[in-house]
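Residues per chain are reported as follows:
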Amino acid sequence: MVVVETAPMTFLRWVFYACFLCSSWGLKTITQSCDPNDMLALKEFAGKLTNGSIITSWSSKTDCCQWEGVVCGSNTNGSIHSRVTMLTLSKKGLQGLIPPSLGRLDQLKSVNLSCNQLSGGLPLELSSLKQLEVLDLSHNLLSGQVSGVLSALISIRTLNISSNLFKEDLLELGGCPNLVVFNMSNNSFTGRITSQICSSSKGIQILDLSANHLVGDLEGLSNCSRSLQQLRLDSNSLSGALPDFLYSMSALQQFSISNNNFSGQLSKEVSKLFNLKNLVIYGNRFSGHIPNAFVNLTYLEQFDAHSNMLSGPLPSTLSFCSKLHILDLRNNSLTGPIDLNFTGMPSLWTLDLASNHLSGPIPNSLSACRELTILSLAKNELSGKIPESFANLSSLLFLSLSNNSFVDLSGALTVLQQCQNLSTLILTKNFVGEEIPRNVSGFQNLMVLAFGNCALKGQIPFWLLSCRKLEVLDLSWNHLDGSIPYWIGQMENLFYLDFSNNSLTGEIPQSLTQLKSLISANNSSPHLTASAGIPLYVKRNQSASGLQYNQASSFPPSILLSNNRINGTIPPEVGRLKDLHVFDLSRNNITGTIPSSFSEMENLEILDLSSNNLYGSIPPSLEKLTFLSKFSVANNHLRGQIPTGGQFYSFPSSSFEGNPGLCGVIVSPCNVINNMMKPGIPSGSVSRFGRGNILSITITVGVGLVLVLAIFLHKMLRRNVGDPICDLEEEVSLPHRLSEALRSSKLVLFQNSDCKDLTVADLLKSTNNFNQANIIGCGGFGLVYKANLPNGTKAAIKRLSGDCGQMEREFQAEVEALSRAQHKNLVSLQGYCRHGNDRLLIYSYMENGSLDYWLHESVDGVSVLEWEMKSEKREAEIIDPAIWGKDRQKQLFEMLEIACRCLDQDPRRRPLVEEVVSWLDVIGFQGAQQ
């Protein structure tokens, strides 16, 4: 039955409801008034901090239960006052020590002070919080010991002290009987994992000890509860085999022990961990076969075991892991075919089997992984054709099949052109001797294409022009003929072009100087951000080891045309390419003069014009190329004086050899060359020339050489008594070929160095002789290597060489500037070293990477700052909320201004280190006055 209410009845009902709500809110307001003692403790808490948004916001209201981040609980003792039970002040910009008054809030159940800048130790008064269940102090600058305070928190269930500066032996920790979640990662805890952690906390479910300095094996975890769900021990120095009791933890969902020294074989008992979702064991020394025991691991989502010493076949039971997203087994010694039934792995996103010894064809079943975005099978012994079913991989973004024995390039491109989202395609060292296809379509989203070292025949195909987003193109080490096509200049996003080591003929097209991405850095495409987390390597020759880049956008903008049959002249319009870093025209048949417009290429680092037919002189204007680190005009027909300014003093004589007409300080003096180049004197004129004149010239030359040698020896003697920096200046002022003969390995450590007894041999050993696996950064002035020093500490070693940066000039500048300029926001220079032709700078190691990485190389892309916001008055959007505050807005904006200057596109407009320190000090002084 339907009942229709009258309007007056409805109105009365709404009035009654409104009165009820008002009365409820009124009662709530009364019961939520803050306890006076709690208010006093909170005021003292805020008053002791040196910065933070709560200092001003808490003063605007009289009831502390209404303060930002404060939550009061209901009363149980009949009092009209409510007690503070929760304090949530994450990312509030808090600075200073944790005030002891926090311990007087004895009804607290949850405290979250994470992501601030709190420093110092934990106050003992925190041990009074007997009802505290949740404590989060992560991402601060806290230090000292924690055991005395934490062991008294008898009710604590969740404890997060990660990403601080705590330093203590694990043996001291324990005493929290109700602990369920314990995260102490990214600190400096030492010692072995002891049984005390789990014996005092019977119900622990999540344990994270990663990124500390722990040693020993895992026997200390033998008494951990079978309810343990997550165990993370990454990035320590743990060792030994995995103990058998580990496989009895049937509730385990995440097991991560990457970057340690574990060894031995993986046990088939892993099948008992049927709840496992993440198995991460990469960067260890595990060996032997991977057990074929994955039948029961139906929840497994990630299996990452790359960079071990695993061997044998791929375990076929991986096909039962229907939820598997990531399978990464690269850098091992696996053998046999890829014998997996991928139809049972429909959720696979990433498959990386590179750098193994796998053989045979690619299985057709791989096309069943419709969600596959990353596929790397590089550096194996695979063969056959690319399966036609690969056309179904519509989600594929990254494909690397390099260094195998695949055939039928035409068929492969016909298939892969249907993968419409493909952005990176690397087919290097395959399809040997085949013809490069002329009729290909698709690849509208392709950004990186590499066909290097395939011995391909034919000409540069026109279909490449349809790849409008192409930014990196490598066709090197093939047998391509014909000329460089005129349309190459229409590829607006292309910034890395390698046609070297082919048989190309004809002239350099003028259109090559119209590449928009090389004319100005502002025109560079911003969308090439990553290589899917897989490192890419650039090799300049077949014997050298490749330079590693985490993403293709970090490649140096380059045009590489060496070792072809290119003729004609160098177009003077080449000066337009202001963002070009590497230009290599060596070993061709190029004639004419060297254009003076090269001096307009302000970012040029490498210019190689050797082994051509160039004539004329070296333009003096090239002295303006302040970033030029490698220069060669060897084996041409050049004449005249070699420039002496700018970087030219640091180039070896080999850069100019094979040019009899060249003269200058680096090679033979110009007066000698001029005499040698004069026409021969007829025999009849010898009497007119006179024996006396010949004798005078001989004596003059001899005296001159004696004077030069005397000056040189005098400077050598002065070097032995000068201070290190003056010694550096003296050596830099010497001609390169003279100083190079006298240099020996030399290491200077400053007082702040963490390793006082370091030797040059130790330095080389700590970086594995500058192995590419130790590279942690690459910039315009040098590669940076991680060094594990003999005393257990880490350092970052910047290696300045002829291929990276300004070498002597940058070396001297950084040593002088950073040895004098000390600031808490600048990485400290611990010393420097000369070893052969290398210049090494020793810095403190930053665990979380460099600023340059987080601004420009971070794979996740979320940290990239958009500096355009500054011009749009949106500065607040790019400043971390953890440090933002209206009370210091002026300081933050000034800091942002300094950062923008340091990242100026024109390196010559960037400030000196001394200027940066001075500006930072001014900001700090103004902040102290406020």
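For clarity, every value in this text was computed on a predicted model and none was experimentally measured.

*Asks:* Just give me the short version of the overall build of the protein chain, but keep the residues and values in it.
*Replies:* Secondary structure assignment for the protein chain yields 18 helices and 52 strands. Within the protein chain, the proportion of its 930 residues that are buried is 49%. A sequence separation of at least 24 residues applies to 53% of the contacts in the protein chain between residues at least 6 apart.

*Asks:* I'd like a rundown of empty space enclosed by the protein, residues and numbers included.
*Replies:* Evaluation of the coordinates by the stated rule reveals five cavities of 30 Å³ or more. Looking at the largest cavity, its volume works out to about 110 Å³. Looking at the largest cavity, it is lined by 14 residues, and the ones nearest its centre are Leu242, Tyr247, Leu266, Val270 and Leu279.

*Asks:* Give a detailed account of the pattern of salt bridges, specifying residues and quantitative values.
*Replies:* If you walk through the whole model with that rule in mind, you get eleven salt bridges. Among the ionic pairs, Arg330 bridges to Asp328, the shortest N-O distance being 2.4 Å. Side by side, Arg330 and Asp328 carry an identical accessibility label, which is buried. For Asp408, the salt bridge identified is with Lys385, shortest N-O distance 3.9 Å. Of this pair, Asp408 sits in the loop between strand E31 (405–406) and helix H6 (409–416) while Lys385 sits in the loop between strand E29 (381–384) and strand E30 (398–400), placing them 23 residues apart in sequence. Judged by relative accessible area, Lys385 falls into the exposed class, the value being 52%. Residues participating in the shared-partner salt-bridge network are Asp38, Arg83 and Asp106.

*Asks:* Tell me what's going on with helix H2 (residues 36–48), and back it up with residues and numbers.
*Replies:* Helix length check: H2, at 13 residues, gives a terminal C-alpha distance of 19 Å against a target of 18 Å (1.5 Å per residue), a fit within 8%. Considering only its buried residues, H2 is in contact with strand E1 (33–34), helix H3 (54–57), strand E2 (70–72), strand E3 (81–82) and strand E4 (84–88). Its side-chain oxygen placed 3.0 Å from the backbone nitrogen of Asn37, Asp35 serves as the N-cap of H2.

*Asks:* Explain the sheet that holds E31 to me, and be specific about the residues and the numbers.
*Replies:* Read across the sheet, ten strands follow the order E13-E15-E17-E19-E21-E23-E25-E27-E29-E31 without closing on themselves; strand pairing throughout is parallel. Every interior strand has two partners, whereas the edge strands, strand E13 (190–192) and E31, have only one. Here strand E17 (residues 237–240) runs beside strand E19 (residues 261–264); their pairing, made up of two bridges, is parallel. Residue pairing in the sheet places Ser239 in a bridge with Asn261 of E19.

*Asks:* Any chance you could break down the state of the cysteines for me, citing the residues and the numbers?
*Replies:* Taken as a whole, this structure holds three disulfides when the rule is applied. Disulfide pairing is shown between Cys198 and Cys224; the S-S distance is 1.9 Å. Between Cys198 and Cys224 the sulfur-sulfur dihedral comes to about 60°; the bridge is accordingly right-handed. Residue Cys198 is located in helix H5 (residues 196–199), and its partner Cys224 is located in the loop between strand E15 (213–216) and strand E16 (230–232); the two are separated by 26 residues in the primary sequence. Classification of Cys198 as buried rests on a relative accessible area of 1%.

*Asks:* If you had to explain the side chain of Ser586 to someone new, which residues and values would you point to?
*Replies:* Here Ser586 shows up in the loop between strand E41 (582–584) and strand E42 (606–608). A relative accessible area of 2% means that Ser586 is categorised as buried. At 2.8 Å, the side chain of Ser586 forms a polar contact with the side chain of Asp584. Each residue touching Ser586, except ones within four places of it in the same chain, is listed here: Ser562, Asn563, Asp608, Leu609, Ser610 and Asn612.

*Asks:* Help me get a handle on the side chain of Thr428, residues and values and all.
*Replies:* Its location among the elements puts Thr428 in the loop between strand E32 (424–426) and strand E33 (448–450). On the accessibility criterion, Thr428 (17% relative accessible area) is buried. Here Thr428 is in contact with Ser402, Asn403, Ala450, Phe451, Gly452, Asn453 and Cys454, once residues within four sequence places are set aside.

*Asks:* Could you give an account of the sheet that holds strand E45 (residues 637–641), with specific residues and numbers?
*Replies:* Consider a sheet: its strands pair through backbone hydrogen bonds, and that pairing is either parallel or antiparallel. Reading across from one edge, E43-E45-E46 is the order of the three strands in this open sheet, with parallel pairing throughout. Across the chains shown, the open sheet's two edge strands, defined by having one partner strand only, are strand E43 (615–616) and strand E46 (661–663). Pairing geometry for E43 and E45, over two bridges, is parallel. Opposite Gly616, over in E45, you have Leu638 as the bridge partner.

*Asks:* Mind laying out H6, listing which residues take part and the relevant values?
*Replies:* Those residues of H6 lying buried are Leu409, Ala412, Leu413, Val415 and Leu416. Each buried residue of H6 sits inside an arc of 160° when the element is viewed along its axis, so together they form one side. The elements touched by buried residues of H6 are E30 and E32.

*Asks:* Can you explain the confidence of the model for the protein chain? Please cite residues and give values.
*Replies:* When pLDDT is averaged along the protein chain, the result is 79, and 72% of the positions lie at 70 or above. Low confidence marks residues 523–531, where pLDDT is under 50. Its contacts with residues over four positions away, or in another chain, come to 25 contacts. Low pLDDT, under 50, characterises residues 802–806; the predicted model gives this stretch 20 contacts beyond four residues in sequence or across chains.

*Asks:* How would you sum up the packing of aromatic side chains? Please name residues and give values.
*Replies:* The final tally for this structure, using the stated rule, is twelve aromatic pairs. Ring geometry for Phe583 and Phe598: centres 6.0 Å apart, planes at 55°, overall tilted. Placement of Phe583 in strand E41 and of Phe598 in the loop between E41 and E42 is noted, with a sequence separation of 15 residues between them. Each of the two residues, Phe583 as well as Phe598, counts as buried.

*Asks:* Describe unusual backbone geometry, and please don't skip the residues or the numbers.
*Replies:* For Ala211, which is not glycine, the phi dihedral falls at a positive 55°. Ala211 sits in the partly exposed class, given a relative accessible area of 27%. Positive phi, close to 55°, is recorded for Trp477, a residue that is not glycine. Along the polypeptide, Trp477 turns up in the loop between strand E35 (472–474) and strand E36 (479–480).

*Asks:* Account for the pairing of E29, with residues named and values stated.
*Replies:* In terms of strand pairing, strand E27 (residues 357–360) meets E29 through two bridges, oriented parallel. Bridging from a neighbouring strand, Gly360 pairs with Leu382 of E29. Where E29 lies against E31, two bridges are found, and the strand directions are parallel. Opposite Ser383, over in E31, you have Ser405 as the bridge partner.

What counts as what
- Residues numbered from 1 in each chain as written.
- Predicted model: local features only at pLDDT ≥ 70, side-chain atom pairs only at ≥ 80, totals over all residues.
- Heavy atoms only, no water.
- Helix = DSSP H or I, 4+ residues; strand = E, 2+ residues; numbered from the N terminus.
- Buried < 20%, exposed > 50% of the residue type's maximum accessible area, 1.4 Å probe, protein only.
- Contact = heavy atoms within 4.5 Å.
- 1 Å grid on protein atoms, 1.4 Å probe; cavity = no way out; pocket = protein on both sides within 12 Å on 5 of 7 lines; lining within 4 Å.
- Points joined across faces, edges and corners; volume = space filled by probe spheres on them.
- Salt bridge = Lys/Arg side-chain N within 4 Å of Asp/Glu carboxyl O.
- Expected span 1.5 Å × (residues − 1).
- Polar contact = N/O pair within 3.5 Å; in protein donor to acceptor, adjacent residues only side chain to side chain.
- Pairing = 2+ DSSP bridges.
- Disulfide = S-S within 2.5 Å.
- Arc of directions from axis to C-beta.
- pLDDT = per-residue confidence, 0-100.
- Phe/Tyr/Trp six-rings, centres within 6.5 Å; stacked < 30°, edge-to-face > 60°.

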